[in-house]
Amino acid sequence: MEVMLCVDLYSIGVILYFLCTRTLPFRHSELVPLLMMHVNEPPEPPRLRNPALHADVEHLVLELQKAARTNPQLKDCKLYVSEERAAWRSPFETHIVSKRRMKELSATETPQGIVALVPMPRASAPQAGERAVYLHEIQDPGNLGTILRTLAWFGSFRCLLSPGSVDPYNSKVLRASVGAIFHTPIEMDVDLHTLRNRFPRIACLDMRGTPLPSPGFEQFDCYLFGSEAQGVPREQLNAPGATTFSITGSSALESLNVATSVSICVYELSRACPRPQE
C-alpha cells in the first residue's frame, strides 16, 4: 500500500511532540479508539505537558515585564490569564478569565492563555549617542519585527517609520519582534522631508552608493532604508541630502531583503563604534 506524504508529516509531528513533552499525544489500551482520537481530537498543547516550553506569547509577556522595570509608561499594564495560567507571576494587575472570554480577547484561533493590555507607549526623548533608523513605507510585518529585534539587540537605536508603513503594533509585527518592540523607541508617521531638520548627517542604502564597509559610514546620525518593493524614490533622495552607500554582493540577485540590509548595516555600525560594557 502506498503511504501518502501527509502520513509521513503527521508521524514527524508525533515524534516532535514526544521529544518536547516525553509523552505521546494520545493514549488508549485499544487500537481503534486510539486511531479515532488521532483523527478526531486535537492534542493537548505541549506547553501544558511541559511547563519548561515557552510559547511565543509568553516570551512577549516576559519581555514586557522586563521592559516595565525601566519604562514607567508600562507600569499600568494588565494581564488576563486562563485558569491554567493562574500561577503566572507578574508585577502587573492580573485577572483570571474563562476560556470563552480568553478566546474573545485573543487575536489567534488557539489562544495560549495569556493576554496583555498595554498602554500605547510614547517614544522616549533621544539619548546621547543614539542613532536613528528610518524606514520608508515598509510593508511587511515580518520584516519590521525582525528589524526591531536587531535594533534592540545592538542597542542605542530608535526606529522612525514613514507614513504608509505597516502598523508596528500589528500582531504579526509583535510576534516577529519577539518582545523587542518594548525595548526600542518607535516614532510613527515621520515624513521624509522632516529628517533634514532633525539630523545633520543622513545616510541611505542605495544600489548606486559607496560600497560597504566604508570609512565614515559610522559618522551619520540617521540611516534611511526604502520599502521592500520600491526602495526610496530617487527624486526624494535629494530632499534630505542623504549620502548613499550600498552592500555589495555577487549580483546573482537584484536586491537584498530590507531586514537583512538593516541587520548588516547595524552590525557594521556596532562594530565600528562598540557600546561600552554595562
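See the structure above.
Residues numbered from 1 in each chain as written. Predicted model: local features only at pLDDT ≥ 70, side-chain atom pairs only at ≥ 80, totals over all residues. Heavy atoms only, no water.

Novice: So what exactly am I meant to see when it comes to the sheet that holds strand β1 (residues 78-81) here?
Specialist: Within a sheet, neighbouring strands are paired by backbone hydrogen bonds and run either parallel or antiparallel to one another. Spatially, the 3 strands line up as an open sheet ordered β2-β1-β3, and their pairing is mixed. The sheet is open, and its two edges are formed by β2 (93-96) and β3 (114-117), each paired on a single side. On average, each strand axis in the sheet is tilted by 20° relative to the strand beside it, whichever way the strands run. Pairing between β1 and β3: 4 bridges, direction antiparallel. Considered in β3, the bridge of K78 is made with L117. (Pairing = 2+ DSSP bridges. Helix = DSSP H or I, 4+ residues; strand = E, 2+ residues; numbered from the N terminus. Axes fitted to C-alpha atoms, helices over the stretch in contact; angles between N-to-C directions.)

Novice: I would appreciate a short explanation of the sheet that holds strand β7 (residues 202-211) in the present structure.
Specialist: Ordered by their spatial adjacency, 6 strands build an open sheet running β6-β5-β4-β8-β7-β9, and the pairing between neighbours is parallel. Strands with a single pairing partner mark the edges of an open sheet, and in this sheet they are β6 (186-187) and β9 (243-246). In this structure, β7 lies alongside strand β8 (residues 222-225), joined through 3 bridges in parallel fashion. In the strand pairing of β8, A203 is matched with Y223. The strands touched by helix α6 (residues 141-154) within the sheet are β4 (131-135), β5 (157-161) and β6, with β5 carrying the most contacts at an inclination of about 155°. Along the sheet, helix α10 (residues 258-272) contacts β4, β5, β7 and β8; its crossing angle with β8, the most-contacted strand, is approximately 160°. (Contact = heavy atoms within 4.5 Å.)

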